[in-house]
Number of protein chains: 4
Amino acid sequence: MTYQAGRHFLQVPGPSNIPDRILRAIAQPVLDHRGPAWAKLQAEIFERIRPVFKTRQPVMIFPASGTGGWESALVNTLSPGDQVLTFDTGQFAVLWGNMAHKLGLDVQMLATDWRRAPSPEAVEAVLTADKAHKIKAILLVHNETSNGVMSRVAEIRKAIDRASHPALLMLDTISSLGSADMRMDEWGVDVVVGGSQKGLMLPTGLAFVAASEKARAASKTATLPRAFWDWEPMLAAAEGKGNLPYTPACNLFFGLQEALDMIDEEGLENIFARHTRLAEATRRAVRAWGLDTVCAEPSEYSQSVTAVFVPEGCSADGLRKAILERFNMSLGAGLGKLADKVFRIGHLGDFNDLMLAGTLSGVEMGLALAKLPHRTGGVLAALSYLSGVEERRAAA
Amino acid sequence: MTYQAGRHFLQVPGPSNIPDRILRAIAQPVLDHRGPAWAKLQAEIFERIRPVFKTRQPVMIFPASGTGGWESALVNTLSPGDQVLTFDTGQFAVLWGNMAHKLGLDVQMLATDWRRAPSPEAVEAVLTADKAHKIKAILLVHNETSNGVMSRVAEIRKAIDRASHPALLMLDTISSLGSADMRMDEWGVDVVVGGSQKGLMLPTGLAFVAASEKARAASKTATLPRAFWDWEPMLAAAEGKGNLPYTPACNLFFGLQEALDMIDEEGLENIFARHTRLAEATRRAVRAWGLDTVCAEPSEYSQSVTAVFVPEGCSADGLRKAILERFNMSLGAGLGKLADKVFRIGHLGDFNDLMLAGTLSGVEMGLALAKLPHRTGGVLAALSYLSGVEERRAAA
Amino acid sequence: MTYQAGRHFLQVPGPSNIPDRILRAIAQPVLDHRGPAWAKLQAEIFERIRPVFKTRQPVMIFPASGTGGWESALVNTLSPGDQVLTFDTGQFAVLWGNMAHKLGLDVQMLATDWRRAPSPEAVEAVLTADKAHKIKAILLVHNETSNGVMSRVAEIRKAIDRASHPALLMLDTISSLGSADMRMDEWGVDVVVGGSQKGLMLPTGLAFVAASEKARAASKTATLPRAFWDWEPMLAAAEGKGNLPYTPACNLFFGLQEALDMIDEEGLENIFARHTRLAEATRRAVRAWGLDTVCAEPSEYSQSVTAVFVPEGCSADGLRKAILERFNMSLGAGLGKLADKVFRIGHLGDFNDLMLAGTLSGVEMGLALAKLPHRTGGVLAALSYLSGVEERRAAA
Amino acid sequence: MTYQAGRHFLQVPGPSNIPDRILRAIAQPVLDHRGPAWAKLQAEIFERIRPVFKTRQPVMIFPASGTGGWESALVNTLSPGDQVLTFDTGQFAVLWGNMAHKLGLDVQMLATDWRRAPSPEAVEAVLTADKAHKIKAILLVHNETSNGVMSRVAEIRKAIDRASHPALLMLDTISSLGSADMRMDEWGVDVVVGGSQKGLMLPTGLAFVAASEKARAASKTATLPRAFWDWEPMLAAAEGKGNLPYTPACNLFFGLQEALDMIDEEGLENIFARHTRLAEATRRAVRAWGLDTVCAEPSEYSQSVTAVFVPEGCSADGLRKAILERFNMSLGAGLGKLADKVFRIGHLGDFNDLMLAGTLSGVEMGLALAKLPHRTGGVLAALSYLSGVEERRAAA
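The rules behind the values
Residues numbered from 1 in each chain as written. Chains lettered and ligands numbered in written order. Predicted model: local features only at pLDDT ≥ 70, side-chain atom pairs only at ≥ 80, totals over all residues. Heavy atoms only, no water. Helix = DSSP H or I, 4+ residues; strand = E, 2+ residues; numbered from the N terminus. Rg over C-alpha atoms; globule rule 2.2 N^0.38 Å. Buried < 20%, exposed > 50% of the residue type's maximum accessible area, 1.4 Å probe, protein only. Contact = heavy atoms within 4.5 Å. Areas by Shrake-Rupley, 256 points an atom, 1.4 Å probe, with all protein chains shown as cover. Lys, Arg positive; Asp, Glu negative; His and termini not counted. Charge placed at Lys NZ, Arg CZ, Asp CG, Glu CD. Least-squares fit on C-alpha atoms with pLDDT ≥ 70 in both. Pairing = 2+ DSSP bridges. Axes fitted to C-alpha atoms, helices over the stretch in contact; angles between N-to-C directions. Buried area = accessible area lost by both parts, 1.4 Å probe. Salt bridge = Lys/Arg side-chain N within 4 Å of Asp/Glu carboxyl O. Polar contact = N/O pair within 3.5 Å; in protein donor to acceptor, adjacent residues only side chain to side chain. Nonpolar A, V, L, I, M, F, W, Y, C, P; charged D, E, K, R; others polar. Arc of directions from axis to C-beta. Domains from an automatic or database assignment. Phe/Tyr/Trp six-rings, centres within 6.5 Å; stacked < 30°, edge-to-face > 60°.

Draft legend 1. The overall build of chain A, seen in detail. Looking only at helices and strands, one finds 15 helices and 14 strands in chain A. Relative to the 2.2 N^0.38 estimate, which gives 21 Å for 396 residues, the radius of gyration of chain A is 21 Å and therefore close to what a compact globule would have. Projected onto its principal axes, the C-alpha coordinates of chain A cover approximately 60 × 55 × 50 Å. Expressed as a percentage of its 396 residues, the buried residues of chain A come to 68%. Here the analysis covers contacts within chain A between residues at least 6 apart in sequence; of these, 74% occur between residues at least 24 apart. Put simply, chain A shows about 12,600 Å² of open surface, and 52% of that area lies on carbon and sulfur atoms. Distance from the positive charge centre (41 side chains) to the negative charge centre (43 side chains) of chain A: 2 Å.

Draft legend 2. Representation of the relation of the copies chain C and chain D within the structure. Relative to chain D, chain C is turned by 180° and slid 0.0 Å along the rotation axis, the superposed coordinates differing by an RMSD of 0.0 Å. Taken together, the rotation and translation describe the operation of a two-fold axis. No C-alpha of chain C approaches the rotation axis more nearly than that of G358(C), which lies at 2.1 Å.

Draft legend 3. Expanded view of the relation of the copies chain B and chain C. Aligned on chain C, chain B shows an RMSD of 0.0 Å; the corresponding rotation is 180° and the shift along the axis is 0.0 Å. In this assembly the copies share their binding face: 100% of the residues contributing to the interface of chain B also contribute to that of chain C.

Draft legend 4. Up close: unusual backbone geometry. Cis geometry marks the peptide bond from G14(B) to P15(B); its omega dihedral reads -5°. As for its position among the elements, P15(B) is in the loop between β1 (9-11) and α1 (20-26).

Draft legend 5. Quick peek at the sheet that holds strand β1 (residues 9-11) of chain D. All names here are of chain D. Spatial strand order, β1-β13-β14-β12-β11: 5 strands in an open sheet with mixed pairing. Single-partner strands in this sheet number two, and they are β1 and β11 (292-293). In this sheet, strand β13 (residues 329-333) lies alongside β1 in parallel orientation, the contact comprising 3 bridges. Considered in β13, the bridge of L10 is made with S330. Contacts from helix α12 (residues 316-327) reach β13 and β14 (342-346), with the element oriented near 165° to β13.

Draft legend 6. Main features of the interface of chain C and chain D. Each partner contributes to the interface: chain C provides 41 residues, whereas chain D provides 41 residues. When the two sides are added together, the surface that chain C and chain D hide from each other amounts to roughly 3,300 Å², 62% of it contributed by carbon and sulfur. The largest per-residue losses of area from chain C upon contact with chain D belong to Y3(C), R7(C) and L354(C), which jointly make up 24% of the total buried on that side. If you look at where chain C meets chain D, you find 2 salt bridges. On inspection of chain C and its partner chain D, the count reaches 10 residue pairs in polar contact (both at pLDDT 80 or more). Put simply, the parts of the chain that give the side of chain C that touches chain D at least two residues each are α1 (20-26), α10 (250-266), α11 (268-288), α12 (316-327), α13 (353-369), α14 (378-386) and α15 (389-395) of chain C. The element that contributes the greatest number of residues to the side of chain C that touches chain D is α13(C), accounting for 11 residues. Per-class residue counts for the side of chain C that touches chain D are 18 nonpolar, 10 polar and 13 charged.

Draft legend 7. Representation of the pattern of salt bridges. Overall, the coordinates contain 119 salt bridges over all chains when judged by the stated rule. Across the pair D230(D) and K102(B) runs a salt bridge whose closest N-O atoms are separated by 2.6 Å. Remark: K102(B) occurs in helix α4 (residues 91-102) and D230(D) occurs in the loop between α8 (213-221) and α9 (231-238); the pair is interchain, linking two chains. Judged by relative accessible area, which is 40%, K102(B) ranks as partly exposed. Two residues, R157(B) and D190(B), come together in a salt bridge whose shortest N-O distance is 4.0 Å. Placement of the pair is R157(B) in helix α6 (residues 153-162) and D190(B) in the loop between α7 (184-187) and β9 (191-195), with a sequence separation of 33 residues. Both residues of the pair, R157(B) and D190(B), count as buried. Beyond isolated ion pairs, a larger network of salt bridges with shared partners links K54(A), D181(A), R183(A), E186(A) and E269(A).

Draft legend 8. Structural context of helix α9 (residues 231-238) of chain B. Residue and element names in this part refer to chain B. Buried residues of α9: W231, M234, L235, A237 and A238, and no others. The buried residues of α9 occupy an angular sector of 160° when projected down its axis, which confines them to one face. Where the residues of α9 are buried, they touch α2 (36-53), β2 (59-62), α3 (66-77), β9, β10 (207-211) and α8 (213-221). Measuring from the side-chain oxygen of the N-cap residue of α9 to the backbone nitrogen of E232 gives 3.5 Å; that N-cap residue is D230. Just beyond α9, the residue with positive phi is G240, at close to 75°.

Draft legend 9. A look at the environment of G188(C). Residue and element names in this part refer to chain C. Checked against the element boundaries, G188 lands in the loop between α7 (184-187) and β9 (191-195). You can call G188 partly exposed: its relative accessible area is 23%. Sequence-wise, G188 and V153 are 35 residues apart; in three dimensions their C-alpha atoms are separated by 9.3 Å. Other than its neighbours up to four places away in sequence, G188 contacts R157, L169 and R183.

Draft legend 10. Up close: the domain arrangement of chain A. Residues and elements named next belong to chain A. Per the domain assignment, the segments of chain A are domain 1 (9-16 + 267-390) and domain 2 (20-264). Taking only C-alpha atoms into account, the centre of domain 1 sits 27 Å from that of domain 2. Taken together, the 33 residues of domain 1 in the interface contact 32 residues of domain 2. Taken together, both faces of the contact between domain 1 and domain 2 bury some 2,600 Å²; the carbon and sulfur share is 55%. Considering only the side of domain 1, the residues that lose the most area to domain 2 are L268, F272 and E300, jointly responsible for 21% of the buried surface there. Scanning the region where domain 1 abuts domain 2 turns up 3 salt bridges.

Draft legend 11. Structural view of the interface of chain B and chain C. Facing the 5 residues of chain B at the interface are 5 residues of chain C. For the pair chain B and chain C, the interface holds 0 salt bridges. For the side of chain B that touches chain C, a count of residues per class yields 2 nonpolar, 1 polar and 2 charged.

Draft legend 12. Geometry of the sheet that holds strand β2 (residues 59-62) of chain C. Residues and elements named next belong to chain C. What the 7 strands build is an open sheet, ordered β2-β10-β9-β8-β5-β3-β4; its pairing is mixed. Taken across any chain shown, the strands that pair with only one partner, and hence form the sheet edges, are β2 and β4 (106-111). On average, each strand axis in the sheet is tilted by 20° relative to the strand beside it, whichever way the strands run. Where strand β3 (residues 83-88) and β4 come together, 6 bridges link them in parallel fashion.

Draft legend 13. Just the packing of aromatic side chains, in detail. If you walk through the whole model with that rule in mind, you get 34 aromatic pairs over all chains. Centre to centre, the rings of F53(C) and F208(C) are 6.1 Å apart; their planes meet at 55°, and the pair counts as tilted. Taken as a pair, F53(C) in helix α2 (residues 36-53) and F208(C) in strand β10 (residues 207-211) lie far apart in primary sequence, 155 residues in all. Each ring, one from F228(C) and one from Y246(C), has its centre 4.5 Å from the other, and the planes form 10°; the classification is stacked. Taken as a pair, F228(C) in the loop between α8 (213-221) and α9 (231-238) and Y246(C) in the loop between α9 and α10 lie far apart in primary sequence, 18 residues in all. Comparing F228(C) with Y246(C) shows no difference in burial state: the two are buried. Through a chain of ring-to-ring contacts, three or more aromatic side chains come together here, namely F62(A), F228(A), W229(A), Y246(A), F62(C), F228(C), W229(C) and Y246(C).

Encoded structure:
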C-alpha cells in the first residue's frame, strides 16, 4: 500500500476519531499520582463524570478496556452458579454472555434474529416464569455495536417491574455512552458499564462502572473471587474517601478532563441531538442506495452506528477493502454470523455534517467501484436532509 | 457562536490543513541552533529542498512569511529606479507590484480582466518594445491565489527569449510550490519565491528564495539597501559554507523535515497528479451547480484553488458566513475587486477525495441554505469523476 | 499553591518521566484496530517486546495497569485453595500476597525486616519442608518499589532447584523491566509480570505477562475462573494466530513502538549500566548526607529506586511536602509500615546525570530547608562519582 | 554520537527551553486567518502583549525573527545618510550597527571593553558634543546576549535628557523581554525590539516592535524604503483598525496566548525576581569555581545569561564539546572576539532551581572532566544560596 494523502476517515463504530484537543491533552507530562495536583484532578473527574451517566451514584474508573467493566459488574454482584439472563441479539451481547459462562455463572440466553433488540414482552415472560427468582441479573446491551440496534431500556425496566422480579439490571453502554441518552437513575439501571473510546472520544483504556444501591448491597454477599475488579476500594476513591487501589491511567484522565470540557461546551443534550440527526441522514443514504439496514425496528435504530447489508451474494469485506485502499476510509466489518454480509458505518463521537458527507461519499463511490448493485443518490439524500431543504418543503 | 463538533474544514487556499504528523514534528523541543545536531538537520534540509524547486541552485530559507521572499527577490537584484514589469492580474500580483513601488522601483503594470494570466504574446510585445532594456525584472505569479489562475511560465519564458530581453524572470510560487509542477532550471526562472503554509503543509513562517546564476550575478551590483533579506550569508549557509546569519525558525525546520518525508513517500509527481485530479473534480461540481469559475482559460486552471462567482446580485460573503456557522467550514473570500462576488475553495496540501467530497457537500448545502440560485448535483458530478465511473463509461 | 516555573522533577519511582518522543507518539490519531495497518503494528510489537524480557516465549499485553498482570498470572495457573509462597518484604510483595488471598488461594508468607529481599536459603528451607509439594507457586517481586530492594532471582531459582520443588516461579518486574537485567529464560522464571509506566517510559495502561511452557501447561488444568485475564486468546494474538480478544490500547502501542526504538538506539545493556551508575551516585549522596538507605544488603540495591530513612523523629512526608512546594519536585512516600519514615528517590526510565544532579540538589536543599539533621556534600559526592574524578584518582 | 538518555539541557542563552504547554499550543490545527476565530485571538494577543512591554502603545508583531525587528526600527524612522549612535560593547550591539551601515546610515560607534555596557556619561558626552543634532537615533541593546551585560537604560535616558538631545532611543530587548524589567513608557524608550524565543518561551519566528508617539511621528517623514517592515499597516492591525498586511504566524500566536497565560499565572514581577535569583546563584557558582564573569560591573549583571571566562590558555569550546558529549547539555559559545575564551550559561525563560542545579552540576563536572584549573564548590555555593541557608545565617 502506497502513502495515502490527507486525513484518514476512521468510520468504524469505535474507537472513534479522537479530537486533536484530546490527543494534546493526553500528551501532557504525567504527574505524581499520589501528589496534591493529582488529588485535585481525580476529585474533579469523579464529580464531573456522574452527569454523563445521569446518576447520583459514584462512577468507578478502572485502568482497563471496557470489556473489563463487564467482568467487574459480574464478579462484584454474583456468586458461582448464579443464573443470569443474557441475549443472543448481536455479537457483543453474546460475548458478554460467554464471559458470564466462563466465570462460572449459569447463562440463560434469549435470542432474536440479530435485527432487533430483546423485546420487553419476552423479558417479562421469562421473568414471570422464574417464580423462584433464580435469575439474579439481566445483562442488557444498550447499543449493540455489531448491528446498530439500540435496546429500549426504559421499557425493559417496566417489563421487569411488571414481573416484580428482583434481578439486577446491568447495562453495557460502551458504544452509546456520550452518544445516546442513558438515564441510569431514572431508568432504574443497577450496573452501568462504559468505555472511553467511543462517545467519550478518548483512546481505549478506561472502563467505567456505576452501581446502584441495590447492586452495592449485592456486592456485600457475592462470592465470585475478585481483586483487580473489586468495587470496594474503587468506590472509596470515587467517593473521595481513599486513594485509588493501584496506579491510575493518568494520561487518560487528562484526556477525560478535556472530553468533559468539550461535552460541557456543546451540551450533552445537543450532542445526543447531533447523533440522532447524523444517524438519520445515514439511514436516508442507505435507503436511497436501495440497501437495508440490519436494524429492522425504527424504534431501535442506533444513534452511533449503522450496519448495512450488502446485496445477496456480494462481499462486504471486499467492499471495505476497496474503500480503504482507494479512499483511505475504514468501515466496520460484519461480526460473527454477519461476517462479510454487513458493513458498519460509525457516526459517533466528535463528528459533524461534512465528515459524514465525506463518509457517505466514500461509501457511494466504493459501491460503484466494487460494482455492487445499488442506486446512486445516497449522498444527495443525506445532504438534502442535513441542509434542511426537505424540512422546509414539508413546512411549505 | 456555540461549540461546533467535529473537525473544522479549513478550505481556504492556504494556510492549508497541517497534517498531524507535521504538527507533532513542530512540537519537538527546540535545540541549540549552533550545535552539531542542528548542523546536521540544516544540511539535510538544504539538500532535500532543492528537488522540490527542480533546481541545482541552493534554496535560501528565511525565518519569515512568504511576502518577505518578494522583498528579498527585489532588494538583492535591483537598484533604486529600476524598471520592473508587473501584472494587474489578481490581488497578489498587484500587491507584489505595490511592494516594488514602495521600495523605489519604477513599476510598469500589464493588466488582464483578472480571469486569465498574462499572455505570452503581451509580454513579448512589451519586451520587444523595450529596446533600451530598461526593464530589469518581470514579477510573475505562478498561481494567483485570489482567482485560481495559473500562469503558463514555460511559454512566458519563451516569449522573453523571443524578445531577446535580458530581464530577470521572477516567479512567486507561494500557492503552487508542492502542489503544481514548477521547473525552475528547465523553465529558466531567475528567482523563485515560495512559502511554507500551502503545498508544503507547514505553518506560516518560512520564506524560500532560489536564485539563478544570472540573478546572483545581478546581486553583486544591485544597490537597493538590504540587510535582513541579504542573500550573501543565506547562500553561504545554504551551500554549507557558513552559519545562518541569525536564529533560524528551528521548529519549522523540524516540520519541513517531516513534510519532505511525506513528499518522498507519496512522490512529487503523484502529488501533482492528485492536485490535478481534485481540482478537476471541483470544477465539475462548479459547472454542475451552474456557476462559473473565475478562471476563464482552461489551460490556466489552478491546481490548488478554485475561485467561483456567485450569481449576480448575491453575496459571496453571506454564503461563506452561513457555511462557516452551519457547517464548520472556512472558504476563502473574494479579494480586491472580487470582494463579495467570489468565494474560493482551497484544495491543496494534504488533501484527499473524501475531504473534497465533504468540502463540496458543504458548498452545495450552503448554496441551498443561503438560497442562492443553483442546481444541485455538484457533489454527484465530483463523485462520479472521482470514482472513475465516468471514465469507465467513456471507455466502454 | 502558586504557579511553579520550569520543568517539574517527577522523581517518584514510577510513573517515570515520559520522554516527549513518547508523548508525541501516543498523541497519534487512533486507527482501526481490525485493519491492516494495525495488524502490521501489532505483529511488530509482539516481535520486538520479547528481547526486553529475554525470552523466546510470546509476551501478552493486556490493556490494563500492571496490577492486572498479577491477577492474570494467578488465575491462569492456579485453582481455588492452592498454596502459594509469598513474601512480607515490602508493600508491593504484601499486596500481591493479599490479592492471592482475595482470589481464594492459600497464602503462606515469609517475612524479612523490609530491608532485604527473601534469602535463597529461607526459600530453600520452606520448599524442602514442603514434601507434599502443596506450594504451587512462588510470588517473587524482582524490584520492590517500596524500599528499593532487588531480589537475587538467579539465586532463588537455584534454591528452588536444590529443593527439587515443582512450584512455578512468578516474578513481578513492574519497577525493574527495562531498568535492570531480567533474564526470564536463563533464570527459569515461569511467569513474568510487567507494566508500562516505569522503565518502559510509557503512561500506565499496559500489563505484560510472559509465561513459560510449564506455566502454559499449568493453565490447561487451573480452575480459577477467568475471562478478561484469560491467556488463551492473548497468546494466540501474541503468536500471530488470532485477533486480540478485545479492543487494544492502540495509543499506548504507538508509544511502545517509540519506546522500543529508543531502547534499540541506546542498547538494553547500556540502559542497565546507566541505571546502575545513577543508582550508585544516588547512594553515595545518601551516605554523604549521613543518612541510611532502607536496603541493607549491597547485593540487593535497586537500580531504579533508592529509599532513604529520615533521622529518627523526623517526618519524611514533611520533607517531601517542603521539597514539592519550594523546589517543584515529587519524591515517593514511605508506604505501609515505612510511612513518614522514608522518602524514595526514583532514578529510572529516561534519566541522565544532570537530571539526577538536579534531583539530589533538591533533596539536599530540602534537608536544609526542613532543618533535618544531615551533612551537606551529598551532591558533591555524586558529582565526583559521575564525573569520574574519583575513579581516575583511584587509578593513579 | 550515540543516543543520549534523558532530557537535553538546553542552556544556551536562547532559544530557551520551550515549555511543553507551549509546544502543545503551537501544535494546534491552524485556522483561517481571515475568519472570526482568528480575529478574536488577534485582538486578545494585541491587548495582552502591551503590559509585557509596560507601554500604552500598540505592539507590532512581525512573522520573522528578532533581527527583522532591528531592521523595522531603522527603516521606519530614518532616512539615507542619517547618523546613528551605536555601541561596540558586544557581538549583537555590533551586528545591529553593521545592519545600520548596510542600510545606508552613518554609523558612529562608541566602544567599551565588552565587559560593561555603554556608560551614561559617555553617551551624554557624545550627545552634548553633537550640537547640530545630526545623530537621529541611539541603538542600545538592553541585554547583550554575547557577554551577559545589561544596560542601565533609565540612566542612559537621563543622560540623553541632560544633553537635551532629540535622538530616538531604540532598545533591543531580544534577550531580556519577559526576563528582566523593561519599562518602555516610564523610561522614555522610543522603539523597543523584541523576539519570541527567549523570555517569552516560544520558538523563533515573531519579531515585536513597539514605537513611541515620537517614533511614529518620525516614521511619517523617514525615507528609507520599506515594505515588509512597514509600520503603517501593522500599527493599524495592532490597534484593531485593519487586517494584518500578510499571513500571520498563526501557530506562534497560539503559543503566545499560552505564554501570556503562563506569565499571568506566575506574575511578571515574580518572573523577574526569579531570574534575578537564578542569575545570582549562577554567579556565586562561578566565583566559587575561581572563574570570572565577563561582566565586570555588578550593576550591569544580566538576569538571563552569564558569560564566563575560562582560564587563560584553555579552550572554552573544548569544554563545551566535552559537556555536550558527556552530559547532554548545550552551553553558549563565545562570539566574535570572545570566541573560545568564554562559555555562556543561559538561565532564562521557563527555568527553575533544580534545572539550574543540574546545569551548574554539568559545568562543574565538565571543568573536572576537561581538566580546567578550577575549584570545586560552585554547585554547593549555588545550592546554599538557593536554599536560603546563607540568608538565614546572615539574619542570625
